[in-house]
Amino acid sequence: MAQVPATPKKQRILLRLRAALFGPDSALPHVTAASEAAALALRNRPLPQQRRQTVTFLIPLVGPGPVKDWSAVTDRLQTTLQSLLDQDDPNWRAVICCQDRPPLPDDPRITHLPYTDPTPGNDKWRKLAALCAHLPEMSLPCGYVMSFDADDLLRQGTVREMLTQQAPGGYLVQTGFVMDHASGTYALAGPPTPVFPLRKPFWKLCGSCAALTHDPLQPESAPFLATMMAHEHRMFPFLAALAGRRLTALKRPSVLYILNHGENFGARRGRVGFKTRFVKRFRITNRAILDQIAAEFPRI
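Residues numbered from 1 in each chain as written. Predicted model: local features only at pLDDT ≥ 70, side-chain atom pairs only at ≥ 80, totals over all residues. Heavy atoms only, no water.

Caption draft 1: Structural detail: helix α4 (residues 70-85). Compared with the 22 Å implied by 1.5 Å per residue over 16 residues, the 22 Å span of α4 between its first and last C-alpha is a close match. Buried residues along α4 sit against β1 (55-60), β2 (92-98), β3 (110-114) and β5 (153-154). (Helix = DSSP H or I, 4+ residues; strand = E, 2+ residues; numbered from the N terminus. Expected span 1.5 Å × (residues − 1). Contact = heavy atoms within 4.5 Å.)

In structure tokens form, the structure reads like this:
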């Protein structure tokens, strides 16, 4: 299962416009991807009115076969999970999908979903599909679901922000930090500004960028999440809006994305170079911001 190509931007605009002006049924004949059809099916359902009670993180983990150092991979996963354990709101769950069960903290909120598909090649999107298919078995209340890479870190207080603010459709990480592990330098990703007109928002750089409302009582929800996560993360805001789940920007830089640590998924696809240049261009030198990063993310 390969990553599903993105819909061209012009087509996205027209599809959203048709859905907004004439309704989902009018837009359905114009879809070109399963994700768009699933979004329109979910759009026909009202936004849940009940309180969002939990945040569920879906974490696909590369198996030991394709990597050079499995222990380094599992060590980085431990740091990622520590960023969840450090949250001051305990109402979260994490499911790690992998062929082999990695070492996991002794916490009932963290579980392993065995992955047994023998198909060779990149299995990240098949694992995300398996994680979404597993959602109905988790007995979750209404809440948010977020795909999260096994080497990214969540900022302290982010779960509390989500569950306190109760954004109807979900959240988008507009601002976040990017670290070049090889050089030890950090950059701030965020929307362009007059001072930084070429800066990119975090959700265009990293897949750990969107938490969507998920109501287990709506059978269209999990299939929509599965088809959405089959795309690159640049499609997430469009598909959420098409589904009637417009995303609200989190107020703070909420995720730390780490590059060049040796086993990056992007490096295996040859797609890290421009991000390394991004860190160089937008490097953070302000000591107060660097101290804040050190205080609100686990030690790397």
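Caption draft 2: Geometry of the environment of Q53. Mapped onto the elements, Q53 comes out in the loop between α3 (34-43) and β1. Look at Q53 and you get partly exposed, because its relative accessible area is 47%. Contacts of Q53, omitting those with residues within four sequence positions, involve N91, P141, C142, G143 and L163. (Buried < 20%, exposed > 50% of the residue type's maximum accessible area, 1.4 Å probe, protein only.)

Caption draft 3: Representation of the sheet that holds strand β11 (residues 255-259) within the structure. Sheet architecture is open: 4 strands sit in the order β5-β11-β7-β8, paired in mixed fashion. Edge positions in the open sheet fall to β5 and β8 (185-189), since each of these has one partner strand only. Of the pairings in the sheet, the one linking β5 to β11 comprises 2 bridges and is antiparallel in character. Bridge pairing links L153 to L256 in β11. (Pairing = 2+ DSSP bridges.)

Caption draft 4: A look at helix α5 (residues 124-134). Extensive coverage of α5 is indicated by the burial of 8 of its 11 residues. Among the residues of α5, those classed as buried are K124, W125, R126, K127, L128, L131, C132 and H134.

Caption draft 5: Molecular detail of the nonpolar core. Counting 79 residues, the largest nonpolar core has F57, I59, L81, V178, F202 and F224 as the members making the most contacts within it. Apart from residues lying up to four places away in sequence, F224 is in contact with S35, A38, A39, L42, L212, L239, A240 and A243. (Core = buried A, V, L, I, M, F, W, Y, C linked by side-chain atoms within 4.5 Å.)

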